[in-house]
Protein chains: 2
Amino acid sequence: MPGLPQTVTDALAALLGRRFSQAPSDLDIHGRNETHFAPAPPDAVAYPRTTEEVAAILRICAPAGVPVTAWGAGTSLEGHALAIRGGVCVDFSQMDKVLEIFPQDMLVRIQPGLTREALNTELRTTGLMFPVDPGANASLGGMAATRASGTTAVRYGTMRDNVLGLEVVLADGRVIRTGTMARKSSAGYDLTGLFVGAEGTLGLITELTLRLHGQPEAISAAVCAFPAMGPAVEAVIATIQSGIPMARIEFVDTATVAAFNAEARAAMPQRPHLLVEFHGSEAGVAEQAARFGEIARDFGAGAFQWAARPEDRSRLWKMRHEAYWSILRLRPGATAWVTDVCVPISRLAEAVEETAAEIAASPIPGPILGHVGDGNFHAVLLVAPEDGAEVAAAKRLAANMAERALRLGGTVTGEHGIGMGKLDYMEREHGAGWDVMGQIKRALDPANLLNPGKMVRPDGA
Amino acid sequence: MPGLPQTVTDALAALLGRRFSQAPSDLDIHGRNETHFAPAPPDAVAYPRTTEEVAAILRICAPAGVPVTAWGAGTSLEGHALAIRGGVCVDFSQMDKVLEIFPQDMLVRIQPGLTREALNTELRTTGLMFPVDPGANASLGGMAATRASGTTAVRYGTMRDNVLGLEVVLADGRVIRTGTMARKSSAGYDLTGLFVGAEGTLGLITELTLRLHGQPEAISAAVCAFPAMGPAVEAVIATIQSGIPMARIEFVDTATVAAFNAEARAAMPQRPHLLVEFHGSEAGVAEQAARFGEIARDFGAGAFQWAARPEDRSRLWKMRHEAYWSILRLRPGATAWVTDVCVPISRLAEAVEETAAEIAASPIPGPILGHVGDGNFHAVLLVAPEDGAEVAAAKRLAANMAERALRLGGTVTGEHGIGMGKLDYMEREHGAGWDVMGQIKRALDPANLLNPGKMVRPDGA
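Definitions and cut-offs
- Residues numbered from 1 in each chain as written.
- Chains lettered and ligands numbered in written order.
- Predicted model: local features only at pLDDT ≥ 70, side-chain atom pairs only at ≥ 80, totals over all residues.
- Heavy atoms only, no water.
- Salt bridge = Lys/Arg side-chain N within 4 Å of Asp/Glu carboxyl O.
- UniProt positions renumbered as here; feature names shortened; annotations may be inferred.
- Helix = DSSP H or I, 4+ residues; strand = E, 2+ residues; numbered from the N terminus.
- Least-squares fit on C-alpha atoms with pLDDT ≥ 70 in both.
- Contact = heavy atoms within 4.5 Å.
- Domains from an automatic or database assignment.
- Buried area = accessible area lost by both parts, 1.4 Å probe.
- Polar contact = N/O pair within 3.5 Å; in protein donor to acceptor, adjacent residues only side chain to side chain.

K.L.:
Summarise the pattern of salt bridges; cite the residues concerned and give the values.
P.N.:
Applying the stated criterion across every chain yields a total of 66 salt bridges over all chains. Salt bridges sharing partners connect three or more residues here, namely A:Glu100, A:Arg109, A:Glu167, A:Arg177 and A:Glu207.

The structure is reproduced here in structure tokens:
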């Protein structure tokens, strides 16, 4: 990588002053990732504060052929923001404002660097909430770019469903707005949907209009143990098919429970569990809980432990959200390979049980947990990074999970995205549709400047 | 229009036999539309039965530069399927099969010519339903292509939300599949979302995977009169903001009520009404109805007339679905200009009342009705087609409605699409985003063969 042309460095420094950095520590921080991918630092980091600055960065970089990669909160598990071809990392942490709340329309206009927790803190007194919850305190721009979802998607949908409009800076510096503030529209191609999930390869998101939801009148959460993995998953399938509007329905296996018990000083029985939450009116929540309880009992669930008080619920979901870290600490020194497949709900038990059996027969531990109401689950493969046999085993397990998901009619990534880890599966999953993605990429970013090397065929840009 | 080259005619006749037609009656039928646009017959009509035949049609037409326009059930209100540059009309009426029902996954795989009523008839014994309901018995391929919605979108979403995957034949005859059978995915650009709403300008839909929903355990419907338009619309706004999961909430003005009374021998008070429906458990429906009743009373609603029996509900929604025809018969000999705007819910009262006042001050009648839970409403402008002053007035009213919607943060079409009628607003609504749509069109259909003259800038293809 030859580094940046001096003209580009000078122009960016003139534009941004101290908000343009080539300090080694900055490059280092923006070259790292949460999981096992090799570091890939950019040549410089820019901290814009306005859409106009983002557009100016593109107008400086594009003529010089300098790659531009967006950075949100750095919580991606697939190395999305790694600057594998160098260039400028655009860090959105200084574009983190709530621009306007529209309580009557249940919408909010925000900047991309705002995190989901910060947004919900700002919304606390409005009676509204933004429900999409990938666990990490990700930036909302990053969540849109990766089509994130998480524990509440079973009820409230993913980012695809909750982004109503965007402002996007294109590769050539043009600024467009997608969507309106109306709840639906038939006017033209769905550009909002095209940029959501494009992982920064088609444009940089500089503003989002998000749908909000009413804070539920009543919330109730519980955990319950099952005799084995199969019945727990079968209970999920039956629950979803029954139409109970679950707000959350999460599976954790016995190994994950052990991590919880060690980390959070919980005292959960060492068995597979479901963690559930109900949202609605008081009567509605009671009815949902009763119906779910009947189904769970049919599949051998033990007694429910209810988390009725807000602080008990917070503790429960904090434990779930920190599962990744708790699991990592089960094996000090290990690196995590976090898999992420999603299958049709009818094939979920089969997919989970085959995966568990294969991990059990492998040399590495791999607790399983997931947003099973969507058919989405993860194995966190704990690999000794210097042990070639373990790395090979992890690769094989991850590959088999992806291939199993495709064979069962599912997808190689339910919510973590393509990033560095899943590019090799794009052709398998999409066939000629992957070529169409490449055609769109070439149309909008002909010089392959935006997050190059990701999402589409490397020679296709 | 020079007609088709002989080589194309010969090749299509050899491919399709008697399912290739140039009979004047066939051309005439496929050159008409439901509203006021001038007829535009194709040069030929093809009736494929398989995806392979559709691909072969494209492989024959593309090298000869022959336009190809898809035809579903012909129920579009914006002349989407008019063959304004001639060429071949691909009529999907012989691709109308349910291919496979997946009851456990609540999905169905169908061909595009299947109508929504035929699908729901096939689903009747499964406990499942496909809820998207634009009124007309449209083909599901056409509904996807136009991103249709209708009375139930407030609860179940539009076609954007209910199409999980597609098979599409591209302009060059390539066949791609988009989406999987998993409920969510983060794998790549959202091609499903791109083709839904593209109005046949990017590809021809040859198969759809649709989300199904459980038939509600309990259903309850009612009509109630309001003292005036303003309070009725304000009641809708309050209802949506309260989070009551309305299955339907429809507004009809006094003129529409008069049409109902004349047509369906209803005896509704000559005042604005809301038509509502609740879906859920027995207890849930009762709770929703009680909460809605309180809100309606706060805004001066009269007594509810409940439609408890299935046949009463059928009569109610049949009357609503046939409103367009009932309204047309209010003024024999008139042509209907059906407008379709959608605004943020907070601006709905303002939008409806300004529109009503402007129509009242014009020389033409224009009953107003709509899917107000989405902020979406229509005025059906009844125009004497030979009267230049009336036509000019209708054009002005329609233009003002569109501009008002944009000014209020909304869209020029909530559900009817662009077709022939809204092309002039694309730049106003999307700005530079419209250029991006043109770039995508050129990338996927460089010769502008698919439904040419629609959706994107005419010189942009």
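Next, the rest of the story.
K.L.:
Talk me through the UniProt feature "domain: FAD-binding PCMH-type" (unreviewed entry) in chain A; I want residue IDs and the actual numbers.
P.N.:
Within this structure's numbering, the places UniProt gives as "domain: FAD-binding PCMH-type" (unreviewed entry) are residues 37-215 of chain A. For residues 37-215 of chain A, helix accounts for 23% and strand for 24%, while the C-alpha atoms at its two ends are 38 Å apart.

K.L.:
Describe the relation of the copies chain B and chain A, with residues and values.
P.N.:
Overlay of chain B on chain A (RMSD 0.0 Å): rotation 180 degrees, translation along the axis 0.0 Å. What we have between these two chains is a two-fold relation. When the interface residues of chain B are mapped onto chain A, 100% of them again fall at the interface, so both copies present the same face.

K.L.:
An account of the domain arrangement of chain A is requested, with residue identities and associated values reported.
P.N.:
Residues and elements named next belong to chain A. Domain parsing of chain A yields domain 1 (6-93), domain 2 (95-214), domain 3 (218-324) and domain 4 (331-445). Distance from the C-alpha centre of domain 2 to the C-alpha centre of domain 4: 26 Å. Each partner contributes to the interface: domain 2 provides 14 residues, whereas domain 4 provides twelve residues. In total, domain 2 and domain 4 occlude about 970 Å² of area from one another, counting both sides; carbon and sulfur atoms represent 54% of this. Between domain 2 and domain 4 we count zero salt bridges in total. Applying the counting rule to domain 2 against domain 4 returns five residue pairs in polar contact (both at pLDDT 80 or more). Among the elements of the structure, helix 6 (153-156) and helix 8 (191-195) are those that each provide at least two residues to the side of domain 2 that touches domain 4.

K.L.:
Talk me through the interface of chain B and chain A; I want residue IDs and the actual numbers.
P.N.:
How big an interface is tends to be reported as the loss of accessible area on association of its parts. In this assembly, 75 residues from chain B lie in contact with 75 residues from chain A. Summed over both partners, the interface of chain B with chain A buries about 6000 Å², with 54% contributed by carbon and sulfur atoms. Counting the surface chain B buries against chain A, the share from its top three residues, B:Lys184, B:Ser186 and B:Tyr189, is 16%. Taken together, chain B and chain A are joined by eight salt bridges. Taking the shortest distance from any N to any O, the salt bridge between B:Asp374 and A:Arg183 comes out at 4.0 Å. The tally of links between chain B and chain A comes to 43 residue pairs in polar contact (both at pLDDT 80 or more). At the level of elements, helix 6 (153-156), helix 7 (159-162), strand 9 (175-178), helix 8 (191-195), helix 9 (229-242), helix 11 (282-298), helix 16 (426-430) and helix 17 (432-444) of chain B are the ones that each hand at least two residues to the side of chain B that touches chain A.

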